[in-house]
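So the chains spell out like this:
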Amino acid sequence: MSSVVKNATLLFLGRTIVRAQALLGDPAAKLFDMSPSRDPYPAYEAVRARGTLVKSRMGLYLTASHELCLDLLRDPDFGTLPAGALSPVDSDAYVDGRRLVNPVEESFLVRNPPDHTRLRRLVAPWFTPKGLRAQAATVERVVDEYLDDAARKSTFDLVGDFAARVPIQVIADLLGVPGADHQAFARWGSALVNALDGVRDMGEMRALHRGLREFEAFLDDLVEHRRESPGDDIVSALVAHDDLSREDLIATTELLLVAGFETTVNLIGNAVLAVLAHPQVRARLVEDPTYADAVVEETLRLDPPVQYTVRVPFKSTRVAGTWIPKGTPIMLMLAAANRDPAVFADPHRFDPGRADGREHLAFSSGIHYCLGAGLARMEAAAALRGLFGRFPDLRAAGRVRRRPSRVIRGAARFPVHAGTTKHHTMVENIS
Ligand code: HEM
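For the structure given in this document, a descriptive report is provided here. (Residues numbered from 1 in each chain as written. Predicted model: local features only at pLDDT ≥ 70, side-chain atom pairs only at ≥ 80, totals over all residues. Heavy atoms only, no water.)

1. Focus: the coordination of the iron atom of the ligand
Okay, step 1: Among protein atoms, the single one acting as a donor to the iron atom of the ligand is Cys 370 (SG), 2.3 Å away.
Okay, step 2: The topology assignment puts Cys 370 in the loop between α16 (334-337) and α17 (373-390). (Donors = N, O, S within 2.8 Å, 3.2 Å for Na, K, Ca; no water. Helix = DSSP H or I, 4+ residues; strand = E, 2+ residues; numbered from the N terminus.)

2. Looking at the sheet that holds strand β1 (residues 54-56)
Okay, step 1: Ordered by their spatial adjacency, five strands build an open sheet running β1-β2-β10-β7-β3, and the pairing between neighbours is mixed. Bordering the open sheet on either side are β1 and β3 (78-79), each of which pairs with just one other strand.
Okay, step 2: By the bridge criterion, three bridges tie strand β2 (residues 60-63) to strand β10 (residues 330-332) in an arrangement that is parallel. The residue bridging Tyr 61 from the neighbouring strand is Ile 330, located in β10. (Pairing = 2+ DSSP bridges.)

3. What to know about α17
Okay, step 1: Between its terminal C-alpha atoms α17 stretches 26 Å, which fits the 26 Å expected from 18 residues at 1.5 Å a residue.
Okay, step 2: Most of α17 sits out of view: 16 of its 18 residues are buried. (Expected span 1.5 Å × (residues − 1). Buried < 20%, exposed > 50% of the residue type's maximum accessible area, 1.4 Å probe, protein only.)

4. Let's talk about the packing of helix α13 (residues 264-277) against helix α15 (residues 292-302)
Okay, step 1: Orientation of α13 relative to α15, taken along the N-to-C sense of each, is 105°, at an axis distance of 9 Å. The orientation of α13 with respect to α15, classified from their angle, is roughly perpendicular. Facing α13, whose interface residues are Leu 267, Asn 270, Ala 271 and Val 275, α15 presents Val 295, Val 296, Thr 299 and Leu 300.
Okay, step 2: Its residues placed into classes, the contact of α13 with α15 shows six nonpolar, two polar and no charged. (Axes fitted to C-alpha atoms, helices over the stretch in contact; angles between N-to-C directions. Parallel < 35°, antiparallel > 145°, perpendicular 65-115°, else oblique. Contact = heavy atoms within 4.5 Å. Nonpolar A, V, L, I, M, F, W, Y, C, P; charged D, E, K, R; others polar.)

5. A look at the nonpolar core
Okay, step 1: Counting 83 residues, the largest nonpolar core has Phe 156, Phe 162, Phe 185, Ile 234, Leu 384 and Leu 387 as the members making the most contacts within it.
Okay, step 2: Ranked by size, the runner-up nonpolar core spans 27 residues in total, among them Val 47, Val 193, Ala 195 and Val 407. (Core = buried A, V, L, I, M, F, W, Y, C linked by side-chain atoms within 4.5 Å.)

6. Observations regarding the site of the ligand
Okay, step 1: The environment of the ligand is formed by 28 residues, the closest being His 116, Thr 309, Ser 364, His 368 and Cys 370.
Okay, step 2: Taking His 116, its side chain carries an N or O atom lying 2.6 Å from an oxygen atom of the ligand.
Okay, step 3: Between the ligand and Arg 120 there is a distance of 2.7 Å, counted from an oxygen atom to a side-chain nitrogen or oxygen.
Okay, step 4: Top contributing element to the shell around the ligand by residue count: helix α12 (residues 246-261), with four residues.
Okay, step 5: Across the shell around the ligand, the residue classes break down as 18 nonpolar, eight polar and two charged. (Near = heavy atom within 4 Å. Polar contact = N/O pair within 3.5 Å; in protein donor to acceptor, adjacent residues only side chain to side chain.)

7. What about α15?
Okay, step 1: Of all eleven residues making up α15, nine are buried, and the element is well covered by its neighbours.
Okay, step 2: Among the residues of α15, Ala 292, Val 295, Val 296, Glu 297, Glu 298, Thr 299, Leu 300, Arg 301 and Leu 302 are the ones counted as buried.
Okay, step 3: Of the surrounding elements, those touching the buried residues of α15 are α3 (41-50), α13, α14 (279-287) and α17.

8. Focus: the packing of aromatic side chains
Okay, step 1: Counting across every chain of the model gives five aromatic pairs.
Okay, step 2: Aromatic side chains Tyr 41 and Tyr 44 sit 5.4 Å apart centroid to centroid with 85° between the ring planes, which places their arrangement in the edge-to-face category. In this pair, Tyr 41 and Tyr 44 both sit in helix α3, three residues apart, roughly one turn of the helix.
Okay, step 3: Assessed through its relative accessible area of 6%, Tyr 41 is described here as buried.
Okay, step 4: Judged by its relative accessible area of 5%, Tyr 44 is buried.
Okay, step 5: On the numbers, 6.2 Å between centres and 70° between planes, the contact of Phe 363 with Tyr 369 is edge-to-face.
Okay, step 6: Among the residues examined, Tyr 369 registers a relative accessible area of 30% and is labelled partly exposed.
Okay, step 7: One aromatic cluster is present, formed by Trp 188, Phe 215 and Phe 218 through successive ring pairs. (Phe/Tyr/Trp six-rings, centres within 6.5 Å; stacked < 30°, edge-to-face > 60°.)

Shown next, in the form of structure tokens:
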């Protein structure tokens with residue numbers, strides 16, 4: 001069977017099986033079958049009500065338990081999914097006769113030690129507290145600049161005109177991508193992350209492969225450029241490692257783009273949604289910009305951009321009293337763990353500054369703990385301070401359109417009215 005026919009058949013069968021199992025009440029199929037625009041949290045509670053570890057007929061287990069998620073994330077006998085299980089891209093996809101680097105499976109997000117350790121170490125220095133301090137001024141400047149643009153209109157799209165622009169500029173700067181290429185960079189990142197939910201049809205698969213091919217060609221050029229004139233950016237540093245393969249270099253760069261951009265934009269959007277829904281939180285934020293940190297942390301807990309991840313045991317083992325065969329995926333529902341009443345008092349309430357707030361798993365835990373957690377917190381807090389400092393009366397101006405994704409939760413379009421504008425800069429705000 002040709003790979004096109006095989007892929008089309010698998011896509012069709014996959015959708016049909018999920019729909020049938022959802023109708024039969026399977027907990028995982030119900031989640032995968034649910035429209036991404038629906039509120040997923042009641043469905044997560046239904047999983048919690050079934051027990052600590054819940055079996056699905058789709059060949060996996062699920063858990064909403066904070067304790068179990070944390071245990072498995074930190075357990076060295078559990079790793080990420082084996083090749084082929086998670087990827088939106090064929091492991092052997094070719095475009096124009098060249099094999100595509102698989103941006104999911106070949107990145108260190110989904111690799112196990114020792115490769116994971118080797119690759120993560122190469123880029124970790126940019127994300128240490130010292131590395132972050134070097135980024136702080138850029139973040140403040142970028143936020144201020146884009147708010148200047150937004151202030152010129154009375155109504156703007158909080159996502160497209162602001163929240164998406166900040167992280168793309170910051171990660172592109174870190175990677176050393178020239179300004180003119182940012183838009184294309186953002187487009188490739190979005191196509192890739194939307195595909196994480198599964199590719200719906202062959203047209204989407206072909207478009208994804210074409211986009212990735214363009215992205216790779218762009219990165220090949222960037223690498224050549226940095227080899228000749230290195231800067232103090234991440235790509236220049238990676239290029240300097242002679243023993244790093246082209247595939248590892250491309251997959252690491254693609255991971256940083258997608259992880260650094262597609263998550264933070266949703267954190268900013270989800271935080272603004274929460275602030276607009278809680279007038280007393282807004283009032284305090286307008287009065288005290290330092291409150292932004294607590295608002296960001298509570299958004300990460302209550303409405304995290306990454307809703308779940310998956311782990312598999314390297315050998316057969318017992319989990320929460322159930323015998324789990326080697327390689328069986330367990331879906332760790334991070335967003336549900338963040339509302340586990342065993343850890344969080346009144347878990348569904350948005351309460352910035354709550355004593356138990358930092359126990360959340362929005363950035364995962366263990367060896368894959370989000371490398372960019374500090375940067376994401378910094379960007380989102382700067383965005384909130386800037387936004388509500390400038391536009392204290394900011395309000396929704398129409399329907400919020402959700403992203404078509406279940407793994408990544410956030411708004412795709414979020415029209416807002418700026419309201420009265422206060423003229424002061426970010427620098428004044430944080431001094
Ligand atoms: C709100 C924003 C963010 C959220 C919610 C988030 C969430 C996560 C989560 C849940 C994981 C681990 C997945 C797993 O355990 O399977 C992860 C890993 C990662 N994140 Fe983030 N992330 C965010 C922002 C960022 C930023 C800004 C960067 C970098 C610029 C970044 C870079 C990474 C990298 C490189 C990994 C892989 C770490 C590893 O496998 O060792 N993330 N992120």
